[in-house]
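# Coordinates in review
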Amino acid sequence: MNFIKQRARSRRNSINIISATDKWKNINRKKSRRDVDSDSDEDEDEEDARLSDVDWEQEFFQERLNRLSSDQDIEVQLTKKQTLLLATLLPDEIIQTENFDSTEPKRFVGVLLMADVSGYTALSERYSATGKGGTYRLTATLNAYLGSLIELIYNHGGDILKFAGDAFLALWKTDKRSFLCHTIHTAIACALLIQHSFSSYETDVKVSLKVKLAISAGNLIFATIGSKIPMNYVIFGLPVIEAKLAESLCTSGEVKLTPNAWGHCYSRNYDYVIEENGHVTIKAILYDPREKDVSKPFGGLGAMVKTKRNFAAIENLPDSVWTSPNGLSAENAIKYEALTFRQKILLAEDRNIGPDLRKFMIRPVLTQLDALQPLEYLTEMRQVSVLFVTLKPRSCPHQQLITIVNNSYETMCEIVYKSMGCVNKIILFDKDVMILIIFGLRGFKHESEAQAALKCACGIKKTVAALDGVREVSIGVTTGQVYCGVVGHPLRREFTVIGATVNKAARLMCYFRDKITCDESTFVNSKMSSNGFTLQPTVDLKGILHAGKIFEYSEDIRVKELFDIPMIPRLLDRADEMEYFENWLDDAHHAYRDFDALLLVGEPGIGKTRLIEWMARYARGCGHNVCCLALTSIHSATPYLALTQIINQILGLSEPIEDFKKEEKIVQLLKVYDEDLCFLNDVIKSRFAYHEGVYSQDAKQREEKAKNIFSKLMQSIPDTHVIFLDDLQSLDQVSWEYISIMINSQKIFTILTVRRGKVSSVQEWLYNVFTNNNIRKIFLGPLSSKWIPPLACQILDVAAVSNDLCKALQLKCKGIPGTMELFIIHLFSSGALEIKKIQEQELDEYRNDELQFPPAEFLHPQALNIRDQPTLDHLIEENKTEEIGICSVTEKEQLNTNMNVETTDALIMMQIDALTPYQQLLLKIGSVIGDVMSRDLLENIMYENNTITTAKAIKRFFAMQILTCANTINSNRWHRRATRASWNNSITSIAPLLSCECTFDFDPECSFGLPKYAFCKLLKFKGKKMRKTFYELLPMNQKKEFHARIVTYLESNKHKCHSCGGTIMVVQSLTELENEAEKHIFNENSKGEDDEDEDNNSKKEKDISEDSRNKNTEPRYSTSAANVPTESLHASFISDSQTVPILKTNKEDSIPRRRSTKRVTVSSFVFKNSSSYQLDTFNVFDMLRKVTEAESMSDWHELGVIDSDDEDHKNKELFSIKIEKGVSETDFTRCTCAELKIIIYEQMIYHASIAEMKFKEIEFTIELCYLYLLASNVDDAHIKLEHVETLCNLPEVHEIIDSCDIKRFLGKICTLKAAACLAIGNHSAAKVAIGRAVRIYGINLDNVAEFLKLRTLVDKIKIKRKKYRLNKAKMTADSILCLNICTLLYSALGDGTAARLYAYRALKLVQKIECNVTDMCDVFSNAIHVDLVLGFIEPTADTLRIAISKLQNLPQPFQSGDLYALGKLFMAVFRAGVARSALASAIKTAFRAMAVSRFLRAYNVSMEIIPDLFYILLCRRRITEAVDVLKEASIMSKERSSLDCETWYYALCIDLILDTGFQLETPTEISRYAEYMIQTPESNAGRRRLMAGLWTYWLRADQEKRAKCFEAEVLVWVSREEEDGSLTTLISSMRLAEGMLESLARKMDDLRKVVDLMELRSLADQKLVSLEHDAKMCRVIYPRWITLRANSLYLSGRRSAATTAFNQALEEARKVHNRLEEAITLAATGQSTIWLSNAKSGRFITWRDGNQLARESWHRYLYRITAIR
């Protein structure tokens, strides 16, 4: 929703005054200016608008934040674990405190060790140069180094008091039972051991860390300071100052003692050097003063070195440790072991002082601990503003110094926390007190940290500097990205911030004494007027390479002056507002007025402050008293502060107020003393005496009295006062209660400004301001484009600006004056703008800049006091020169800078900080996953995930518009774009759409009152900026950890698309949304077979058939619009159809394509025709599970698959294939598993690379290349393979990955390269690549004989070392794919012998090892195919037996992805069975192949099976099933709208007539279709069969004229040599030969055709001779060839030879159980003329009637060739 509507045409109506509550509720309001488009082209702009333009109505009226607060996690009670965690963050001195309420300091004698790590600055610079991960790496390195030092110190009885970046202070206390010299000696021994062990620590960026150690001793004072959270502690005493001095004199690697500490030592015990200044450098220990034998030499430091142990953090200890009772137990032993060298923290647990320790913690740490989250997850990268404050107290005794420090600390804490900052630590290493303050930490985020930090710095300097005892306050302020987290050792650590930003703040503080200085980033991000900043001279800061611009900041804004007259810029485009204000102020002399106050509403930077400055100028010019107050967060946090300051201005008082001047002025106004004035003491900070009855009244009565006397005071003001309150949203509520009384006074005119946009909380009083009828509202809009040049000229103080600059300002700043000023300042400071003074005659030289000259009156200086304007005009005229100031753009690329990033990021951080630690962690992990995340993945990566807590968190994320459902995002965007024009005027359009479109079962009764979207399965970040911000909060170690966990999850879980029952939801497209109705139809009619499997096994065959018929009514789905066939199946990389890839495809589809076959929609053709065209098809093809798992003959008989030879073959070639449960429910027209798998692997590669898991990255990339090849994405596969091969050859990879694994990876890479080259037909390159792979795998084919003996294929595996065996097994398993590719390659090259060698080598290996199921199936199918090609028919039976043995012993059932390879194997076994004439088992295998191909929607493969299966069924006299198979072709032709399927249908119909004498379609109908086909250019095997069949038919029917229609095309094929030896080709060729013999028979009695006769006989004989070899190889068709040969002999007149051939054909047909060929042979020798009679009538016996006739006397109805008609 937007308050602002389009500007009306009338100037007067441009101001909208809301004078009634009903107008407010109806949102009837307008902008004062508007010249920007309401449309936005980019989603990122919408996100910015959503974040920065949250409406007041939404904030104030919907109370959204109040609703969301109910989802916050409840704070838990402190546990033992939490108490110990708190103790690790504090020194032992705090833990051992007896009375935390006491403020008395502790005094003791002790030894201090000051440690300062040198090399930190260089290390910081080096890591900063490495990028975003540099800060984390810096901290990790520092923690590793400091952790080792800390461990040594605690091992020697010391305690770490304070951390200060790269330095720390350690303490050894001396009690009454020990000598100081012994304590000093312990510290010296520890220091020397540190230097001995860690004198030089080499980092990974070649920077050595060294440490300087200084030791002091003496009387110390330890004191706690502060009274509220957070308390702190400091240590005082001369040893502190001496230690700091000694450390400054020390060099790296030295141990230096102060003179006082040396005075307590025995010099004989040490090897030392005394320096001129009295400090002593210790070289070594000679004697141990604690030894009784003083002459015994010191044993050396080596004996003191202890083995370093890896201590587990307390967070990582098992839960049983915290639940077991105290005492001796295994759990407590674990705890004590973890706390070996710092067991004093157990005192915190024993004394249960957790609540007292909490007082010393800052809020982010407490929030993390209370949420039971590990402190490690507190670590993040954040944009913060850092204040380093140095206080210089005056010289005084320590007791007074404690008081000064305590007062300063408490004062500073109050100011800081009111400003939403955080005091991190206080350091007192010498006389100066240093305090680190941070703005922007978790829970302290607001819109501009830089602005809050600068205002806070001013408050600190002003307040603290006024305290007694403080001489000087220096403050450095910087803004930037820092590492926020815990540093140190797991048992002694502190929360701090580290980074170049912190270092720079410290350097600014030290260099610029008694000033507030800031860097350029703070200046720009503060978005404050540049009048408060003064540029400082360029300086060199220690450790800072490029300090950049440095500014001094002061709240005392310096007014620009000209001729000593204060000036302000001319007000632009606010004439209407000024006119309205002037008319209202003119009513000051009247007794009444229309309204009491004026409210200016506008976005930040819109110009509210400048407008009230001009209003104040006008009011002063009218002689009225003016009071101005700019409100800040301090006012909102301090009750009555704003009211007090206003009253002081009205009374004419300024701070500090002396004596009782305020009280005197109040009495003067009232003209009489009123005893009720004492009720105003707390309200306006007065000091009136309390009368006796004050305390007898309750709070409500006192408040009523205070308001009454305050109202009297306001009414007594005699003169007109104009009060300006800027940024009203920063006012406290109690002040408003009195200001609302004040504005009712007739003498007070109040002007308020309020910021549009997001506020921190819902404030009822501010709602009342908006609904108050006596407060008029003006909504300020952006400047129109014509005012941009004048504003730019005012900011730059020039007369003309470049047109490019004006366009950039219009585009980037959207008419916001404040943003324009910041943008111009940024451009100027970066050198993109150049200001010049030129003469008027030089303007022609700048013509190309297209300078914009605004009217002179807009640039004319205006005096701040209106009475000074005439004087100023006169002086300007006198000093006028001819020079003209212009501004040109020197670096135009800088004009593209985005100025809204900081504001958007700040608002995002404010949302983040409103979340609980659990919710933040949830979103951080989500950001690691990606823009879209699966809920299942998110929950599995979370530590200690709680489903309900997660659901509540997601509900909140939806409400806060952080997350949304990924399945609705596309439709929402589509809807949003359609309604974008009405976005600004719609109240409901900005409200979040809280819905989820994921498909899952949701039960509201079991959801704990949570909505469905709280359980959304597929989540998406609402904006990329949001996700990026969360991701950047994570340090590098956590990023790596979460990326690694994602890899582990994705790798260990099986992923399916939603259509296959997977949990990952596929994001719907708009097309799918439009076709939702069709999807519903599919869902209603589809039924999976797994449901049937659960039914009772005793179902009768009738029930099965009825259920199957129901399935046949399913609508059939077409392929997608891309027409990429789904039948391009698994593991085929070749383009030559002769090599029979997988399930043999046509040439045009030989390269498998699966990518475009997914997310298909239902074609209109199917929905229109599926119901009107129903065929009673053979339902067994739709019963995948029943067909593949049929194990016995009874199983097949239950399916209706019965053969007369079943009894003879009941124990032969029968096996069951188990299919994974749920697979049969998959709809492969919708399945997106292949695409999903590619996406998953791409994601795993990305996550593995970020996690630096090189092994996994290489492994996943190789697997991705394999998937690319399956999807025919050869180009991407080539690129990835080259990349991963380069990666494998990198030296650093060889260091972390074993050479055996590298070798295995390279073998896979070379194999896949060969496959890729083979897929595109580059055989030479494939041969080179596969040669490399063969050498890597060590494949040796010298012993050829061994590979050809199937009975000797099983060898024993030699027992060797486990590692060798494992690696050998992996290499061997991988080599199987290599051998498969070799087989395919050499088959394509025509080298059958080599192909067979590789196939049999793979067959040998597959028996010895476990390998991929797909590779195993390919091995068997390749071996069978190669044998068939080379004519080795019988060995295929042995291969089949090996395949059956392996497949039946598989540990896991076949999955959906394995069905492609299984289908290929079924196809090969079917062809082998046909070749061996094992027809009954071949039919069953063909049914399985058909079921798989139908299930996979592999229509081309189905069409390859159908012609052969049709013929084999006819051979077995199973005519009904043959016709059912034929109908499948018809159905597929309608599903695919394919002529190929339809052509095969009619071709087989004519075959049915020619071979059986029965019909399905009439010859006339078939011929009509064929005549249509002749006109089309399409040529395929089905067309060849159809044309040959019709030519033969019409010749038989003695209709040569009709036969002539097909003769020309048929005879063209006679000369072609396209025979591939397949059954389909053989039958077509024999049909062609039969036609030639029939034509020969027609010409036998015609002497005029003797030439044609001889030619035809020659062609027929040649054709038969060419087919003889292939016919003998395929024994099932051999009787047909013999019959044709007999007919040829018969027509040649050789009757005796013909009779012998007919007898041979009959014998061969009976051998192979071919009933069809047996009947054809009998018909050829018989005298039946039924077929000819039927042909003359054009009507044959129907197939249903013929089914029974074929069993009785089939040959009577068949045709015999004859020359007599």
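Residues numbered from 1 in each chain as written. Predicted model: local features only at pLDDT ≥ 70, side-chain atom pairs only at ≥ 80, totals over all residues. Heavy atoms only, no water.

## Thoughts on the overall build of the chain
When its secondary structure is counted, the chain shows 74 helices and 34 strands. Looking at the chain residue by residue over its 1765 residues, the buried ones come to 57%. As displayed, the chain offers around 74,100 Å² of accessible surface, 49% of which is attributable to carbon and sulfur atoms. (Helix = DSSP H or I, 4+ residues; strand = E, 2+ residues; numbered from the N terminus. Buried < 20%, exposed > 50% of the residue type's maximum accessible area, 1.4 Å probe, protein only. Areas by Shrake-Rupley, 256 points an atom, 1.4 Å probe, with all protein chains shown as cover.)

## Things to note about the sheet that holds strand β30 (residues 932-934)
Strand order in the open sheet formed by 3 strands is β30-β32-β31, with antiparallel pairing between adjacent strands. Two strands in the sheet have a free side with no partner beyond their single neighbour: β30 and β31 (963-965). Strand-to-strand twist in this sheet, taken as the mean axis angle between neighbours without regard to direction, amounts to 35°. Pairing between β30 and strand β32 (residues 1018-1021): 3 bridges, direction antiparallel. Across the sheet, residue methionine 933 finds its bridge partner in β32, namely leucine 1019. (Pairing = 2+ DSSP bridges. Axes fitted to C-alpha atoms, helices over the stretch in contact; angles between N-to-C directions.)

## Considerations on the sheet that holds strand β27 (residues 851-852)
In space, the 4 strands of this open sheet follow the order β26-β29-β25-β27, with mixed pairing throughout. Strand pairing shows two members of the sheet lacking a second neighbour, β26 (833-839) and β27, which therefore form its edges. Lying on the sheet, helix α30 (residues 788-796) is in contact with β25 (800-802), β26, β27 and β29 (883-889); it crosses β25 at an angle near 110°. Contacts from helix α31 (residues 803-813) reach β25, β26, β27 and β29 within the one sheet, and its direction differs from that of β25 by about 75°. (Contact = heavy atoms within 4.5 Å.)

## Brief notes about the pattern of salt bridges
It is possible for side chains of opposite charge to pair when their charged atoms get near one another. The full count for this structure, using the stated rule, is 57 salt bridges. For arginine 1396, the salt bridge is made with aspartate 1427, and the minimal N-O distance between the two is 2.6 Å. One end of the pair, arginine 1396, is in helix α57 (residues 1392-1408); the other, aspartate 1427, is in helix α58 (residues 1413-1430), and 31 residues separate them in sequence. Its relative accessible area of 10% is what places arginine 1396 among the buried residues. According to the relative accessible area criterion, aspartate 1427 is buried, its value standing at 0%. Two residues, arginine 1441 and aspartate 1438, come together in a salt bridge whose shortest N-O distance is 1.9 Å. Of the two residues, arginine 1441 and aspartate 1438 are both situated in helix α59 (residues 1435-1448); the distance of 3 residues between them amounts to about one turn of the helix. Overall, aspartate 1438 belongs to the buried group, its relative accessible area being 18%. A network of salt bridges, in which partner residues are shared, links Asp1551, Asp1555, Arg1585, Arg1596, Arg1631, Glu1634, Arg1680 and Glu1717. (Salt bridge = Lys/Arg side-chain N within 4 Å of Asp/Glu carboxyl O.)

## With respect to the pairing of strand β2 (residues 159-164)
Among the 6 residues that make up β2, 6 are buried, leaving the element largely enclosed by the rest of the structure. Bridge count for β2 against strand β3 (residues 167-174) is 5 bridges, and the pairing is antiparallel. Of the residues in β3, the one forming a bridge with aspartate 159 is leucine 171. What sits between β2 and β3 in their antiparallel hairpin is a turn of 2 residues, with glycine 165 showing a positive phi close to 70°.

## Examining the packing of helix α62 (residues 1499-1515) against helix α64 (residues 1539-1556)
Packing of α62 against α64 leaves a shortest axis separation of 11 Å and a crossing angle of 15°. In terms of orientation, α62 and α64 fall into the roughly parallel class. Crossing angle aside, the handedness with which α62 passes α64 is right-handed. Residues Met1503, Ile1506, Pro1507, Phe1510 and Leu1514 of α62 pack against Cys1541, Trp1544, Leu1548, Asp1551, Leu1552 and Thr1556 of α64. Looking at side-chain class alone, the contact of α62 with α64 contains 9 nonpolar, 1 polar and 1 charged residues. (Parallel < 35°, antiparallel > 145°, perpendicular 65-115°, else oblique. Left-handed = near helix turned anticlockwise from the far one by under 90°. Nonpolar A, V, L, I, M, F, W, Y, C, P; charged D, E, K, R; others polar.)

## Thoughts on the side chain of histidine 1043
Residue position: histidine 1043 is located in helix α41 (residues 1036-1052). Among the polar contacts listed, one links the side chain of histidine 1043 to the side chain of tyrosine 1031, at a separation of 2.9 Å. With residues near it in sequence (within four places) discarded, histidine 1043 still touches Val928, Tyr1031, Tyr1246, His1247, Ile1250 and Ala1251. (Polar contact = N/O pair within 3.5 Å; in protein donor to acceptor, adjacent residues only side chain to side chain.)

## A short note on unusual backbone geometry
One non-glycine residue, aspartate 727, lies in positive phi territory at about 65°. Relative to the elements of secondary structure, aspartate 727 occurs in the loop between β22 (721-726) and α28 (733-742). A residue is classified by how much of its surface remains accessible, and aspartate 727, at 15% relative accessible area, is buried.

## Digging into the environment of glutamate 555
Its location among the elements puts glutamate 555 in the loop between β17 (550-553) and β18 (561-562). The class of glutamate 555 is partly exposed, set by a relative accessible area of 36%. Not counting residues within four places of it along the chain, the set of residues in contact with glutamate 555 comprises Lys455, Cys458 and Lys462.

## Examining the packing of helix α65 (residues 1563-1574) against helix α67 (residues 1600-1612)
Between α65 and α67, the shortest axis-to-axis distance is 11 Å and the interhelical angle comes to 40°. Taken together, the axes of α65 and α67 are oblique relative to one another. Viewed along their axes, α65 and α67 form a crossing whose handedness is left-handed. Of the residues in α67, those in contact with Ser1567, Ala1570, Glu1571 and Ile1574 of α65 are Arg1602, Cys1605, Phe1606 and Glu1609. Partitioning the contact of α65 with α67 into residue classes produces 4 nonpolar, 1 polar and 3 charged.

## Observations regarding the nonpolar core
Within the largest apolar cluster, 262 residues are counted, with the highest numbers of intra-cluster contacts made by Ile962, Leu1509, Val1676 and Ile1677. Within the second largest apolar cluster, 106 residues are counted, among which are Leu138, Ile153, Cys422 and Phe495. (Core = buried A, V, L, I, M, F, W, Y, C linked by side-chain atoms within 4.5 Å.)

## With respect to the packing of aromatic side chains
Tallying each qualifying case throughout the model produces 37 aromatic pairs. Relative to tryptophan 765, the ring of tryptophan 736 lies with its centre 5.9 Å away and its plane at 35°, an arrangement referred to as tilted. Of this pair, tryptophan 736 sits in helix α28 while tryptophan 765 is found in helix α29 (residues 764-771), placing the two residues 29 residues apart along the sequence. Residues tryptophan 736 and tryptophan 765 agree in their burial class; the two are buried. Put simply, the rings of Tyr580, Phe581, Trp584, Phe595, Tyr618, Phe724 and Phe749 touch in pairs and so form one group of aromatic residues. Taking the ring centre of tyrosine 233 as reference, the NZ or CZ of lysine 162 above it sits at 4.1 Å. The lysine or arginine in question, arginine 687, covers the ring of phenylalanine 660, its NZ or CZ lying 4.5 Å from the ring centre. (Phe/Tyr/Trp six-rings, centres within 6.5 Å; stacked < 30°, edge-to-face > 60°. Lys NZ or Arg CZ within 6 Å of the ring centre and 35° of its normal.)

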